[in-house]
Amino acid sequence: LEKTRELISEMTGGELCLSVGMINGLCHEFSGKSREEQDRLFKALLDAPVMNADGTTVRVNGKIARFLSAAIRMPPCILQGKARDMRE
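Owing to the predicted nature of the structure, the values given are computational and were not obtained by experimental measurement.

Participant: Help me out: how do you make sense of the overall build of the protein in this one?
Facilitator: Scanning the protein from N- to C-terminus turns up three helices and three strands. In the protein, the succession of helices and strands from N to C terminus is α-α-α-β-β-β. Within the span of the protein, comprising 88 residues, buried residues form 16% of the whole. In the protein, of all internal contacts separated by at least 6 residues, the share reaching a separation of at least 24 is 20%. Taken as a whole, the protein presents about 7,000 Å² of accessible surface, with 56% of it coming from carbon and sulfur.

Below is the structure:
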């Protein structure tokens, strides 16, 4: 989140300086308000005849985390998230 904060600040020439807490809150708010769309896209992924997927292991704050990316061609859809729950 700190890098996101820095990016927004740099892109706006320092005019917009959000706190990490505000960015985190906005992410949670957007996630809640877009639940219907997320469910629709998740269903499209599961119903697609072909799905491209990739899993990777990364270190986040010193801990191992597994992430999964999945994509389909029609409708164009990419979903990324923690391997245990793609909606996180």
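Participant: I tried to follow the pairing of strand 2 (residues 63-72) on my own but got confused; where do I start?
Facilitator: Both faces of the sheet carry side chains from a regular strand, because those side chains alternate between them. Sheet analysis places strand 1 (residues 52-60) next to strand 2, joined by nine bridges and oriented antiparallel. By the bridge assignment, Thr-57 is partnered in strand 2 with Arg-66. The loop that links strand 1 with its antiparallel partner strand 2 comprises two residues; one of these, Asn-61, has a positive phi angle of about 50 degrees.

Participant: Whenever I open this one, the side chain of Ser-9 confuses me. Can you help?
Facilitator: Secondary-structure assignment places Ser-9 in helix 1 (residues 2-11). Residue Ser-9 is classed as buried on the basis of its relative accessible area, which comes to 16%. Setting aside residues no more than four positions away along its own chain, Ser-9 makes contact with Gly-14, Leu-16 and Cys-17.

Participant: What's the story with the environment of Met-51 in this structure? I'm lost.
Facilitator: Considering the arrangement of structural elements, one finds Met-51 in the loop between helix 3 (35-47) and strand 1. The exposure class of Met-51 is partly exposed, given its relative accessible area of 39%. Note: C-alpha distance between Met-51 and Ala-70 (19 residues apart in sequence) is 6.7 Å.

Participant: How should I be thinking about helix 3 in this particular structure?
Facilitator: For an α-helix, 3.6 residues make a turn, and residues three or four places apart therefore share a direction. Taking 1.5 Å per residue, 13 residues should reach 18 Å; helix 3 reaches 18 Å between its end C-alpha atoms and fits that length. Residues of helix 3 that are buried: Gln-38, Ala-44 and Leu-45. Within helix 3, the buried residues cover an arc of 125 degrees as seen down the axis, which keeps them to one side. Facing away from the buried side of helix 3 by over 90 degrees, the exposed positions are Glu-36, Leu-46 and Asp-47.

Procedures and definitions
Residues numbered from 1 in each chain as written. Predicted model: local features only at pLDDT ≥ 70, side-chain atom pairs only at ≥ 80, totals over all residues. Heavy atoms only, no water. Helix = DSSP H or I, 4+ residues; strand = E, 2+ residues; numbered from the N terminus. Buried < 20%, exposed > 50% of the residue type's maximum accessible area, 1.4 Å probe, protein only. Contact = heavy atoms within 4.5 Å. Areas by Shrake-Rupley, 256 points an atom, 1.4 Å probe, with all protein chains shown as cover. Pairing = 2+ DSSP bridges. Expected span 1.5 Å × (residues − 1). Arc of directions from axis to C-beta.

Shape is all these values report; function is a separate question.
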